[in-house]
Protein chains: 2
Amino acid sequence: MHAIIQTDAEDPSALSWQQAPIPELKDGEALVEMKFAGLNRADTLQAAGHYPPPAGVTEIIGLEGSGVVKEANGTTRPDGTPWKNGDHVGVLLSGGGYAQYAAVPQGQLLPLPEGFNLQQTASVIEVACTVWSNIMLTAHVKEGDTVLFHGGAGGIGIFGIQLAKALGATVAVTAGSAEKLETCKKYGADILINYKEEDFAEVLKEHGGADVILDIIGAKYLDGNVSALAKDGHIVIIGMQGGVKGELNIGKLLSKRGNISATGLRYRDEEDKARIVEDTVNNVWPMLADGRITHHIDRVMPVQDVSAAHKALLDGEITGKVVLEIPNA
Amino acid sequence: MHAIIQTDAEDPSALSWQQAPIPELKDGEALVEMKFAGLNRADTLQAAGHYPPPAGVTEIIGLEGSGVVKEANGTTRPDGTPWKNGDHVGVLLSGGGYAQYAAVPQGQLLPLPEGFNLQQTASVIEVACTVWSNIMLTAHVKEGDTVLFHGGAGGIGIFGIQLAKALGATVAVTAGSAEKLETCKKYGADILINYKEEDFAEVLKEHGGADVILDIIGAKYLDGNVSALAKDGHIVIIGMQGGVKGELNIGKLLSKRGNISATGLRYRDEEDKARIVEDTVNNVWPMLADGRITHHIDRVMPVQDVSAAHKALLDGEITGKVVLEIPNA
Ligand SMILES: NC(=O)c1ccc[n+]([C@@H]2O[C@H](COP(=O)([O-])OP(=O)(O)OC[C@H]3O[C@@H](n4cnc5c(N)ncnc54)[C@H](OP(=O)(O)O)[C@@H]3O)[C@@H](O)[C@H]2O)c1
Ligand SMILES: NC(=O)c1ccc[n+]([C@@H]2O[C@H](COP(=O)([O-])OP(=O)(O)OC[C@H]3O[C@@H](n4cnc5c(N)ncnc54)[C@H](OP(=O)(O)O)[C@@H]3O)[C@@H](O)[C@H]2O)c1
């Protein structure tokens, strides 16, 4: 098969489409012929040497995608019915998505959402599992809550806005331009904050504070997030685009009885991922089927151009998701 | 009536037994003739001007105690049966415990645990509600978890050790002397750490990390607590004896998918307190009745000597609880 191979570990742009061995299957894994891979910011971190794959996982980049089951290898859906060769699937991966074939544990094979094609499906796997697991399984968003998404026009943000609205929340977002905020508004965001011009914590305070904050900035926003929090609120940190170490004012956190969690999907064990995938399919797939949530693909690029795709993401050009198209094997 | 009045706001030891008006009852409050008041570290903070009562609450110090219902005033137990004049009760207070009479919202009146007298009851109200609400309602301790209590020989610590053992946890504690650690061991602590001689985080790492940490130190232990945490672990901060602002390594927290909560009982609203009290009585009172958890009263002192009692606590002389005896009205 072919896959994207990093030819120079020191150069994040040295990503070339080369021959590579087809992955060997373990028990409980299916072989999927990949048609599309979703692009994630984490992929750029891995190329830069900052986000190594978990032990035992391929060095090939790529955390999600979609394709066709080539060897079902006895894998089954959560309800016990078998996956069959030829089934179209979405896949959540610990790595290996930028390739013509991927080995996928059965708990990470997802049906296509009703009405979604393979391309659209590749754009929602990682965001759906991430947003659902964090705002529901970790932070338990309820109807009437105010939820703040930093980076509202990013892949996570656009999906998050729609999911939180579907759950009955008021949604606040931050973004760096009027244009991106306009997109957030289109998807339902109620409170629009240009972080280059306004202090998000002050704006949230005027609105009674955020019950849940999905944070992707880390250190730089830690104190602001605590300030923006409502009583009994929950900050869930999933990214550290603004640094790793920040000062925590415990007194301020305690005065709100606040909670902070920091989570990641990639390093969870297979059982945990299967649990999250199943819960996401049960709860979020119906919202995709009936249009409460839709996909937002900024552009589709050939996987061979992945280096340009990474650059576009890092340059802030992207709204929503980039999907990489994989040539037939 | 008489109560402890702080006669000089600048002097935490200026606490004298003086005449004061009997509190006026609001709807849903009973008048309790106080017999014993439990001493809390927070009382010393309030005397020093650092822990003001919530809005609308008396300036008189005192967060817990026990006594006799003087005017039931239509108050009822959670099951709807009425409290009657003459009933013996434990009380959880937002203030006003160092006095001959206290006004108590009905959700903060507790039956005596079976086999407990008034004196013993006064020593367990605040610790029971605090430990139960934090390790169970917030951090969901499970059988087989490892739980770390800082200040294992304090009021919270000694109660916490026993409750966590009753829940099937392995218990680790820190304390500042061999003698205090011996007491912790007597109550069931498995891992004994003298914080003056050992690095608690290193010790916990050798034991696979702590699933739950009940922290009373705050800033000074923030980084150590994150280091000591097991995967998916939860740090619950209820005290800041070691400072308010500390550096949080978000990357380290994320690598463990860790959680931090900071909570307090005093500023919760009445509904929330009633919920916690009811849950504590339902779950913890049976453990007190059958001896799985017992009281530990270091000494009983006349309420008039409260200033000496505060000093003894701050000097580190106390193991477990101090109870103040209140003269009959
Ligand atoms: N832990 C996990 O399991 C997990 C899973 C998925 C994603 N993530 C992380 O979550 C983050 C978002 O993922 P994504 O896929 O949505 O990435 P993305 O599409 O690249 O979106 C990131 C967004 O952040 C915005 N941004 C940059 N600086 C900002 C600031 N100071 N304040 C507010 N917004 C800012 C950017 O928009 P502007 O142009 O408006 O600045 C961009 O839209 C990434 O860091 C990713 O690694 C973590
Ligand atoms: N947020 C809430 O709702 C709530 C409710 C109750 C209590 N609290 C707080 O929880 C804390 C404990 O309450 P408590 O009633 O148990 O107080 P306590 O009886 O005074 O116990 C505090 C203990 O801390 C120990 N200690 C001091 N420095 C330490 C260190 N560096 N490392 C480890 N242990 C240390 C002391 O023992 P050594 O002699 O061994 O140092 C002492 O036994 C207090 O800060 C209190 O204000 C909060």
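Here the residue numbering is sequential within each chain, running from 1 through the sequence in written order. Note on labels: chains are lettered from A, ligands numbered from 1, in written order. Note on the predicted model: pLDDT of at least 70 is required for a residue's local features to be given, and 80 or more for side-chain atom pairs to be given and counted; whole-chain, interface and lining totals, by contrast, use all residues. Side-chain figures throughout are based on the complete set of non-hydrogen atoms in the structure, without hydrogens or water.

Considering the overall build of chain A
Thinking step 1. Along its length, chain A carries 10 helices and 16 strands.
Thinking step 2. The size measure is the radius of gyration over C-alpha atoms, and the globule rule it meets is 2.2 Å times the number of residues to the 0.38 power. Over its C-alpha atoms chain A spans a radius of gyration of 19 Å, differing by no more than 12% from the 20 Å that the globule rule assigns to 329 residues.
Thinking step 3. Along the first, second and third principal axes, the C-alpha atoms of chain A reach 55 × 45 × 35 Å.
Thinking step 4. Summary of the burial criterion: residues with accessible area below 20% of their type's maximum are buried, those above 50% are exposed, and those between are partly exposed, where the area comes from a 1.4 Å probe applied to protein chains only. Counting all 329 residues of chain A, 57% fall into the buried class.
Thinking step 5. Counting only contacts in chain A whose residues sit at least 6 apart along the sequence, the fraction spanning at least 24 positions is 67%.
Thinking step 6. Each accessible area value is a Shrake-Rupley result obtained with a 1.4 Å probe; residue values ignore everything except the protein chains displayed when judging cover. In the form shown here, chain A has an accessible surface area of approximately 13,000 Å², with 47% of it arising from carbon and sulfur atoms.
Thinking step 7. His residues and chain termini do not enter the charge count, which takes Lys and Arg as positive and Asp and Glu as negative. In this description, the location of a charge corresponds to atom NZ of lysine, CZ of arginine, CG of aspartate or CD of glutamate. Where the 27 positive side-chain charges of chain A centre and where its 42 negative ones centre are 4 Å apart. For helices the rule is a DSSP run of H or I covering at least 4 residues; for strands it is a run of E covering at least 2, with both sets numbered from the N terminus onward. The contact definition used throughout considers only heavy atoms, calling two residues in contact when any of these lie within 4.5 Å.

Topic: the relation of the copies chain B and chain A
Thinking step 1. Superposing copies: least-squares fit, C-alpha atoms only, residues required to have pLDDT of at least 70 in both. For the pair chain B and chain A, the best superposition has an RMSD of 0.0 Å and corresponds to a rotation of 180° with a translation of 0.0 Å parallel to the axis. Put plainly, the chains are arranged around a two-fold axis. Nearest to the rotation axis, the C-alpha of E247(B) is located 2.2 Å from it, this being the minimum over chain B.
Thinking step 2. In this assembly, 100% of the residues forming the interface of chain B have copies in chain A that are likewise at the interface, indicating an isologous arrangement.

Overview of the site of ligand 1
All names here are of chain A.
Thinking step 1. Any residue with a non-hydrogen atom lying within 4 Å of a molecule or strand is treated as near it. Inspection of the region around ligand 1 gives 24 residues, with R41, G176, K180, Y195 and Y221 positioned closest.
Thinking step 2. In protein, a polar contact means a hydrogen-donor-capable atom and an acceptor-capable atom, both N or O and within 3.5 Å, with residues adjacent in sequence counting only if both atoms are side-chain atoms; elsewhere, any N or O pair within 3.5 Å suffices. Here an oxygen atom of ligand 1 and a backbone polar atom of G155 are 2.9 Å apart.
Thinking step 3. Take I156: an N or O atom from its main chain is 2.8 Å from an oxygen atom of ligand 1.
Thinking step 4. With the chains in place, 89% of the 910 Å² that ligand 1 exposes on its own is no longer accessible.
Thinking step 5. Each residue is assigned to one class: nonpolar for Ala, Val, Leu, Ile, Met, Phe, Trp, Tyr, Cys and Pro, charged for Asp, Glu, Lys and Arg, and polar for all the others, Gly among them. Residue classes in the shell around ligand 1 are distributed as 10 nonpolar, 10 polar and four charged.

Topic: the interface of chain B and chain A
Thinking step 1. On the side of chain A, 28 residues touch chain B, which itself brings 28 residues to the contact.
Thinking step 2. Buried area between chain B and chain A, summed over both chains or domains, comes out near 2,300 Å², and the portion from carbon and sulfur atoms is 62%.
Thinking step 3. For the chain B face of the interface with chain A, the top three residues by lost area are I250(B), L254(B) and R257(B), together amounting to 28%.
Thinking step 4. The salt bridge definition used is simple: a Lys or Arg side-chain nitrogen within 4 Å of an Asp or Glu carboxyl oxygen. The interface formed by chain B and chain A holds zero salt bridges in total.
Thinking step 5. When residues of the side of chain B that touches chain A are traced back to their parent elements, those giving at least two are α7 (219-228), β12 (229-237), β13 (245-249), α8 (250-255) and β14 (259-262) of chain B.
Thinking step 6. Considering every element that reaches the side of chain B that touches chain A, the biggest residue donor is β13(B), with five residues.
Thinking step 7. Broken down by class, the residue content of the side of chain B that touches chain A amounts to 13 nonpolar, nine polar and six charged.
Thinking step 8. As defined by bridge partners, strand β13 (residues 245-249) of chain A adjoins β13(B) across five bridges and the pair is classed as antiparallel. The residue of β13(B) that forms the bridge with N249(A) is K245(B). Throughout, the accessible surface (probe 1.4 Å) given up by two parts as they are put together, summed over both, is called the buried area. Strand pairing is assigned whenever DSSP detects at least two bridges linking the two strands.

What about the sheet that holds strand β8 (residues 146-149) of chain A?
One key point about sheets: their strands pair by backbone hydrogen bonds, in either a parallel or an antiparallel sense.
Thinking step 1. One open sheet holds the 12 strands; their spatial order is β10(A)-β9(A)-β8(A)-β11(A)-β12(A)-β14(A)-β14(B)-β12(B)-β11(B)-β8(B)-β9(B)-β10(B), and the pairing between them is mixed. Of all the strands in the sheet, the pair left with one neighbour each is β10 (191-194) of chain A together with β10 (191-194) of chain B. Neighbouring strand axes in the sheet, compared pairwise and without regard to direction, differ in orientation by 15° on average.
Thinking step 2. Direction of pairing for strand β9 (residues 170-175) of chain A relative to β10(A): parallel, over a ladder of four bridges. Opposite V173(A), over in β10(A), you have L192(A) as the bridge partner.
Thinking step 3. Angles here are taken between N-to-C directions and fall from 0 to 180 degrees, while the axes themselves are lines fitted to C-alpha atoms, restricted in helices to the stretch in contact. Packed on one face of the sheet, helix α4 (residues 155-166) of chain A meets β8, β9 and β11 (210-215) of chain A and runs near 170° to β9(A).

Some remarks on the nonpolar core
Thinking step 1. Counting 52 residues, the largest nonpolar core has L248(A), I260(A), L248(B) and I260(B) as the members making the most contacts within it.
Thinking step 2. Leave out the neighbours within four places in its chain, and I260(B) touches L253(A), G258(A), N259(A), I260(A), L222(B), H234(B), I235(B), I237(B), L248(B) and L253(B).
Thinking step 3. Core analysis: the next-biggest nonpolar cluster, separate from the first, contains 44 residues, V124(B), W132(B), I276(B) and V284(B) among them. By convention a nonpolar core is built from buried Ala, Val, Leu, Ile, Met, Phe, Trp, Tyr and Cys residues, the set being connected through side-chain atoms within 4.5 Å.

Notes on the environment of H50(B)
Thinking step 1. If you trace the backbone, H50(B) turns up in the loop between α1 (41-47) and β4 (64-71).
Thinking step 2. With 116 residues separating them along the chain, H50(B) and A166(B) place their C-alpha atoms 35 Å apart.

Regarding the site of ligand 2
All names here are of chain B.
Thinking step 1. Lining the immediate environment of ligand 2, one finds 24 residues, of which R41, G176, K180, Y195 and Y221 sit closest.
Thinking step 2. Here an oxygen atom of ligand 2 sits 2.6 Å away from a polar atom, N or O, in the side chain of K180.
Thinking step 3. Protein contact buries 88% of the 910 Å² of open area that ligand 2 shows by itself.
Thinking step 4. Every element with two or more residues in the shell around ligand 2 is listed here: α3 (125-138), α4 (155-166), β9 (170-175) and α7.
Thinking step 5. Each residue belonging to the shell around ligand 2 can be placed in one class, and the counts come to 10 nonpolar, 10 polar and four charged.

Overview of the environment of G96(B)
Thinking step 1. Position of G96(B) relative to the elements: it lies in the loop between β5 (88-92) and β6 (101-105).
Thinking step 2. Filtering out sequence-adjacent residues up to four positions away, G96(B) remains in contact with T58(B), I60(B), I61(B), G62(B), Y101(B) and A102(B).

A few points about the packing of α4(B) against helix α9 (residues 270-289) of chain B
Residues and elements named next belong to chain B.
Thinking step 1. Contact geometry of α4 with α9 gives a least axis separation of 11 Å together with a crossing angle of 100°. Considering the angle they form, α4 stands roughly perpendicular to α9. Where α4 approaches α9, its residues F159, L163 and A166 are matched on the opposing element by V284, M287 and L288.
Thinking step 2. Here the residues of the contact of α4 with α9 are counted per class, giving six nonpolar, no polar and no charged. Should an angle fall under 35 degrees it is taken as roughly parallel, and over 145 as roughly antiparallel, whereas 65 to 115 is taken as roughly perpendicular and any remaining angle as oblique.

A closer look at the confidence of the model for chain A
Detailed reading of predicted coordinates is not advised where the pLDDT is low.
Thinking step 1. Chain-level pLDDT for chain A is 97 on average; 100% of the residues reach the 70-or-more range.
Thinking step 2. As scored by the predictor, the complex reaches a pTM of 0.97 and an ipTM of 0.96. Per-residue confidence from the predictor is given as pLDDT, running between 0 and 100.

Side note on the domain arrangement of chain A
Residues and elements named next belong to chain A.
Thinking step 1. The domains assigned to chain A are domain 1 (2-124 + 266-325) and domain 2 (128-262).
Thinking step 2. Taking the mean C-alpha position of each, domain 1 and domain 2 sit 26 Å from one another.
Thinking step 3. Taken together, the contact between domain 1 and domain 2 spans 23 residues of the former and 18 residues of the latter.
Thinking step 4. Between domain 1 and domain 2 lies a buried interface of about 1,700 Å² when both sides are counted; carbon and sulfur atoms form 67% of it.
Thinking step 5. Considering only the side of domain 1, the residues that lose the most area to domain 2 are I293, H296 and T319, jointly responsible for 23% of the buried surface there.
Thinking step 6. One can count zero salt bridges joining domain 1 with domain 2.
Thinking step 7. Between the two partners, domain 1 and domain 2, sit seven residue pairs in polar contact (both at pLDDT 80 or more). Residue ranges for the domains trace back to a domain assignment, done automatically or taken from a database.

Some details on unusual backbone geometry
Thinking step 1. Even without a glycine there, the phi angle at H140(A) is positive, about 55°.
Thinking step 2. Residues other than glycine seldom take positive phi values, yet R257(B) does so here, at roughly 50°.
Thinking step 3. Position of R257(B) among the secondary structure elements: in the loop between α8 and β14.
Thinking step 4. Judged by relative accessible area, R257(B) falls into the buried class, the value being 8%.

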